[in-house]
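Results of the structural survey
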Amino acid sequence: MFLTCMEIVTKELVSWMRGHESSVFSISVHASGKYAITTSSDTAQLWDLDTFQRKRKLNIRQSVGIQKVFFLPLSNTILSCFKDNSIFAWECDTLFCKYQLPAPPESSSILYKVFAVTRDGRILAAGGKSNHLHLWCLEATQLFRIIQMPTKVRAIRHLEFLPDSFDAGSNQVLGVLSQDGIMRFVNIQTCKLLFEIGSLDEGISSSVISPHGRYIASIMENGSLNIYSVQALTQEINKPPPPLVKVIEDIPKNKLSSVDLKMKVTSGRVQQPAKSRESKIQTRILKQDLTGNFESKENELSDGLNKKRLQILLKGYGEYPTKYRMFIWRSLLQLPENHTAFSSLIDKGTHVAFLNLQKKYPIKSRKLLRVLQRTLSALAHWSVIFSDTPYLPLLAFPFVKLFQNNQLICFEVVATLIINWCQHWFEYFPNPPINILSMIENVLAFHDKELLQHFIDHDVTSQLYAWPLLETVFSEVLTREEWLKLFDNVFSNHPSFLLMTVVAYNVCSRAPLLNCNLKNDFQYFFHHRNNLDISVVIREVYRLMETTPSDIHPDSMLDAFVALTKGQYPVFNQYPKFIVDYQTQERERIRNDELDYLRERQTVEDMQAEVDQQRVEDEAWYQKQELLHKAEETRRAMLLQEEEKMIQQRQRLAAVKRELKIKEIHLQDAARRRFLKLQQDQREMELRRLDDEIGRKVHMRDQEIATTAKDLEMRQLELELQKRLYEKNLARNQEAVAKEMREDADVYRRKVDLEEHMFHKLIETDQTQIQRTQKVIKENMAKAEQACLNNDWKIQTLHKQKCDDLQRSKCYQEVARLLQENRRKETEVLNAMLEEEAKKWKEAEEKEFYLRSEKKTAALSDASRKQFLNREISAAVEHAENPCNKEAPRFQNEQVASSCLPRTSQLNDISEMDPSAHISVNRRTIEWDTTGQDLIKKVRNLRQRLTAQARNRCQTPGLLAT
């Protein structure tokens, strides 16, 4: 895998960065733009964006994967997050491990997938496949809060803090994008849901917040791009903090006196009351504007910093911290970061004045040259004067080298420097700023007359000892660290501080300057680095700022600091426009004349080139013709020689043909004799091979006969063993069948005895008990029918028992008829008794209703059972007659078939009436081997005989009568 770095303006390939074996899913750039970290699943690599070379590589074990590696904002700390929830912090320069965050508690441990850091780099938010959010304090390296999202949130896909201009980088609002496509914004201090974007129908796939927190861009799941205004979503986010300035109302004059006190109102501090020096009190009422913002104070910066406090810090330490320097500079200069305006300047392309910049200022780094060319072109498009300013590349180069990875900041820093610290520089254009140099010379004359007199004696003007320092902003005479330290103080003070620095540099270098007597020595001194302590120079500048009289002090002639306007850059026209326009016109005229001259010279050169080419072509044609003529004569001579050689060759070839013909005749004769001998040898060999084949066949026949005999013997033994096995199985099957038949006979005998016993018991019971017994008998008979259907082979062996059951069933029907007659008579008696006793009548009526329902049920059951048994008996008989048919006709006599089977429902009811009575039906099947043909024939004959007997009995009327 590799990374490609492209130039966004020219769309050219800048560099290839190789080193990753798997896909890169995260890129983090340092705040200074010098370093970048690329992260894949198995490694993270640190790149130097100046050289596009890999600086370090983070290797891990295969069992632990990398989740994310990124820079903390406004610091040199690298945060690495792994898939086992371990988080390490590294120093960017030395890659020394600063600290490791402890493991989260087991009760709320989640696998971290997404991370977000506040703008000041103090709080880390982490989330994953859970509705919990962990907030880490990176300064204390501990988990200080766990936020539980709503229950609808099951997983967190993206986290991002919402920037705010009032929180000084300690962002309080966190945007949480969950799995349902809704992004919720939560206050991490109050844990209050402020607002949300997206919905279940129109979910968000990914989202990003603008640097100032004004807009939110979201890519929806349906492919659309939505832009949300934070100010329109809620007013709570952009509400200003409570006012720090209190309003003092005027006190009536009649209540004031010379001894009255006055209060000084300041932001954030309470001062003690001071006595008034005048009898009149001056009071100022501070009012709040309509937008809720207060009047900007001189010392209050945009990012919550205080200029006075920064100056105190600067005087104490001499410079700002390295990792916070860029942030402090941007705050001091109040850069607006006008992306749209800067893009419009960049889109105009490279300015004509800087097309050949590399010829005049050769720079080894192509990237640095490209950034310098683009910055100068943007300045030239911003104001025409900068296209003709010869020292502009020298002025902008140190800032370009410092901010080469952030061209917007670079442009705005240079533009702010020109507007404030380069005031009145272009009034005498194209000459150096005589007025500014006069200010420097006046201050030098006041503080060091001897040095100024030395300059005058050696004809050294301010254009030699002051202007080289100003046009290069001390970049030629100071190292990088010294230059950064100097401009920490320049940007923190009045624009006159830069002019005082020139005077202080000369005053602190007076000893070597007083020893210089040649003008070349002075030029070399102000264009090269010298052995000078920059801290001493800065202290001298502060002394000069305080001790210089106001009449010659530059701050009285220079305006105070003015920041660039937001949205669009201000118009810069502080230069003699007629001179610039005249120079532009003259330059354009000279350029057009030069283009015309070049065009004419190119035309002449083209014509001369065509004439020369034509002359060369003619000479080449003549030479080629001469060579062709010579070649033709040479080839004619060669052709004659070849013809003579051809005649001689033909003669030799005829002689050779004759010799070959004779040899061919001799060879044909020898080949014929050799072929005859070969045929004779082949026939003899074929005879020997046939003899061998006959012997081998005879031997194989003998072996096969012996093997067949042995196989026949083994087969006979196997058949004998199989015969014994069949006989044994047949005996075992016959015994099992006999045993089962005996068990079935015993069961049938017990069933008959039980039915006889129950028949006598039914006669002795009352009418209600008789009715219930009849129901039980019918149900048992139905169950017995089902058992008989499942065991078809028993139907054929028990046909005689079915006939007995038929006779007994008729007896039961006769008894039932008598019982019905008795019930009818008893019903009449009960009706007579019902008139005397209401309770008896109700019971009799219930019994009569129950009796009717049972009659219907019994009738339906009898009809169904008869039809079913007739059909099954017919099928069994047909199967016995013709076993090969899949379907057989049914019996037509439903009454006989249904009567031949006992009713399982009746038997079940009998069992319920008498617990001692229990009937078990043995359901067994006969299994036999397919090879037992004798057993199959015996069973088939037995089945046919039983079927014939059953058909004879069912069709004989006399048998039914008996």
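These lines cover the structure that appears in this document, whether it is placed above or below. Position numbers for residues start from 1 in each chain and track the written sequence from start to end. Totals for whole chains, interfaces and linings use every residue, but because this is a predicted model, local features are given only for residues with pLDDT of at least 70 and side-chain atom pairs only at 80 or more, for both listing and counting. In computing side-chain properties, one takes all heavy atoms of the structure into account and sets aside hydrogens as well as water.

Details of the pattern of salt bridges
- The salt bridge definition used is simple: a Lys or Arg side-chain nitrogen within 4 Å of an Asp or Glu carboxyl oxygen. Counted by the stated rule, this structure contains 24 salt bridges.
- The partner of E91 in a salt bridge is K98, and the shortest N-O contact between them spans 3.8 Å.
- You can call K98 partly exposed: its relative accessible area is 36%.
- The salt bridge partner of R673 is D669, with a shortest N-O separation of 2.8 Å. In this pair, R673 and D669 both sit in helix 18 (residues 577-764), four residues apart, roughly one turn of the helix.
- Overlapping salt bridges, with partners in common, bring together D120, R122 and E139 in one network. The rule is simple: take the accessible area with a 1.4 Å probe, protein chains only, and divide by the maximum for that residue type; under 20% is buried, over 50% is exposed, in between is partly exposed. Numbering of helices and strands starts at the N terminus; helices are DSSP runs of H or I of at least 4 residues and strands are runs of E of at least 2.

Re unusual backbone geometry
- Even without a glycine there, the phi angle at C191 is positive, about 55°.
- Within the secondary structure, C191 sits in the loop between strand 17 (183-187) and strand 18 (192-197).
- Positive phi is not limited to glycine here, since Q334 has a value of about 55°.
- The topology assignment puts Q334 in the loop between helix 3 (322-333) and helix 4 (339-347).

Section: the sheet that holds strand 17
- Strand pairing follows a simple DSSP-based rule, namely that at least 2 bridges must link the two strands. Taken in spatial order, the four strands make up an open sheet running 15-16-17-18, and their pairing is antiparallel. Bordering the open sheet on either side are strand 15 (156-162) and strand 18, each of which pairs with just one other strand. Averaged over all adjacent pairs, the angle separating strand axes in this sheet is 25°, with direction ignored.
- With six bridges connecting them, strand 15 and strand 16 (residues 173-178) associate as antiparallel partners. Note on strand 16: the bridge partner recorded for H158 is L177. Axis definition: a line fitted to C-alpha atoms, over the contacting stretch in the case of helices. Angles run 0 to 180 degrees between N-to-C directions.

What to know about the sheet that holds strand 3 (residues 24-29)
- Pairing is antiparallel in the open sheet, where four strands are placed in the order 3-4-5-6. Two strands bound the open sheet, and with one partner strand each, they are strand 3 and strand 6 (53-59). With direction set aside, neighbouring strand axes in the sheet form an average angle of 20°.
- Of the strand pairs in this sheet, strand 3 and strand 4 (residues 35-40) are connected by five bridges, and their pairing is antiparallel.

Remarks on the pairing of strand 5 (residues 43-48)
- Buried residues dominate strand 5, accounting for six of its six residues.
- What you see with strand 5 is no split at all: T43, Q45 and W47 on one side and A44, L46 and D48 on the other are buried throughout.
- Looking at chain direction, strand 4 and strand 5 are connected through five bridges and run antiparallel. Bridge pairing in strand 5 places T38 opposite Q45.

Quick notes on a positive patch on the surface
- Taken together, the side chains of K34, K55, R56, K401, R480 and R529 define a basic patch exposed on the protein surface.
- By the element assignment, R56 lies in strand 6. Here, patches come from residues exposed beyond 30% relative accessible area and free of salt bridges, joined within 9 Å for like charges and within 5 Å for nonpolar side chains (Val, Leu, Ile, Met, Phe, Trp, Tyr). Residue burial considers only the protein chains on display, and all accessible areas are found by Shrake-Rupley using a 1.4 Å probe. Charge assignment in this entry is limited to Lys and Arg as positive and Asp and Glu as negative, and neither His nor the chain termini are counted. Note on charges: their place is set at NZ of Lys, CZ of Arg, CG of Asp or CD of Glu.

Here we look at the packing of helix 3 against helix 13 (residues 480-491)
- As a packed pair, helix 3 and helix 13 sit with axes 10 Å apart at the nearest point and diverge in direction by 30°. The angle between the axes of helix 3 and helix 13 places the two elements in the roughly parallel class. Crossing hand, helix 3 versus helix 13: left-handed. In this structure, helix 3 uses R325, W329, L332 and L333 to contact helix 13, whose residues at the interface are W483, L484, F487, D488 and F491.
- The residue inventory of the contact of helix 3 with helix 13, partitioned by class, reads seven nonpolar, no polar and two charged. Angular relationships are summarised with four words: roughly parallel below 35 degrees, roughly antiparallel beyond 145, roughly perpendicular across 65 to 115, and oblique for the angles in between. The sense of a crossing depends on the near helix, which, turned anticlockwise from the far helix by less than a right angle, makes the crossing left-handed and, turned clockwise, makes it right-handed. Contacts are residue-level and defined by heavy atoms, with any inter-residue pair within 4.5 Å sufficient. By the convention adopted, Pro, Cys, Tyr, Trp, Phe, Met, Ile, Leu, Val and Ala count as nonpolar, Lys, Arg, Asp and Glu as charged, and the other residues, Gly among them, as polar.

Examining the packing of aromatic side chains
- Aromatic contacts are taken between Phe, Tyr and Trp rings whose centres are within 6.5 Å, Trp giving its six-membered ring; a plane angle under 30 degrees counts as stacked, one over 60 as edge-to-face, and the others as tilted. Counting across every chain of the model gives 30 aromatic pairs.
- Ring centres of F399 and F487 lie 5.6 Å apart, and the angle between their planes is 90°; on these two criteria the pair is classed as edge-to-face. Taken together, the residues span a long stretch of sequence, with F399 in helix 7 (residues 392-402) and F487 in helix 13 at a distance of 88 residues. With respect to burial, F399 and F487 carry one shared label: buried.
- Judged by centre distance (5.8 Å) and plane angle (55°), the ring pair of W421 and F561 falls under tilted. One end of the pair, W421, is in the loop between helix 8 (407-420) and helix 9 (434-447); the other, F561, is in the loop between helix 17 (534-547) and helix 18, with 140 residues separating them in the sequence.
- Residue F561 is classed as partly exposed on the basis of its relative accessible area of 22%.

Concerning helix 8
- Relative to the 20 Å expected for 14 residues at 1.5 Å per residue, helix 8 spans 20 Å between its end C-alpha atoms, a close match to the ideal helical length.
- With respect to burial, helix 8 is a largely interior element, 13 of its 14 residues being buried. For a helix, the expected span equals 1.5 Å multiplied by the number of residues minus one.

Some details on a negative patch on the surface
- On the surface, E835, E836, E837, E843, E845 and E846 cluster together into a patch of negative charge.
- Of all the secondary-structure elements, those providing two or more residues to the negative patch are helix 21 (799-836) and helix 22 (838-881).
- Among the elements that line the negative patch, the one with the most residues is helix 22, at three residues.
- Relative to the helices and strands, E843 resides in helix 22.
- Residue classification places E843 among the partly exposed residues on the basis of a relative accessible area of 36%.

Focus: the side chain of S207
- Within the secondary structure layout, S207 lies in strand 19 (residues 204-209).
- Polar contact criterion, stated in full: a pair of N or O atoms within 3.5 Å, where within protein one must be able to donate a hydrogen and the other to accept it, and residues adjacent in sequence count only if both atoms are side-chain atoms. Within the structure, the side chain of S207 is placed 3.1 Å from the side chain of S218, a separation counted as a polar contact.
- Residues contacting S207, with those up to four places away along its chain left out, are H158, E160, M183, I216, A217 and S218.

Some points on the side chain of E412
- Along the polypeptide, E412 turns up in helix 8.
- A polar atom in the side chain of E412 sits 2.8 Å from the side chain of Y569.
- E412 has contacts with L335, P336, E337, N338, L564 and Y569, leaving out every residue within four places of it along the chain.

Regarding helix 3
- For helix 3, which comprises 12 residues, the first-to-last C-alpha distance of 17 Å matches the rise-based estimate of 16 Å (1.5 Å per residue) to within 8%.
- Listed in full, the buried residues belonging to helix 3 are R325, M326, F327, I328, W329, S331, L332 and L333.
- Buried residues in helix 3 make contact with helix 2 (307-317), helix 7, helix 8 and helix 13.
- Note on helix 3: the residue one or two positions beyond its end, Q334, has a positive phi of about 55°.

Focus: a nonpolar patch on the surface
- A surface patch of nonpolar side chains, amounting to about 430 Å² of accessible area, comprises Y215, I219, L225 and I227.
- Contributions of two or more residues to the nonpolar patch are made by strand 20 (215-220) and strand 21 (225-229).
- Inspection of the secondary structure assignment puts Y215 in strand 20.

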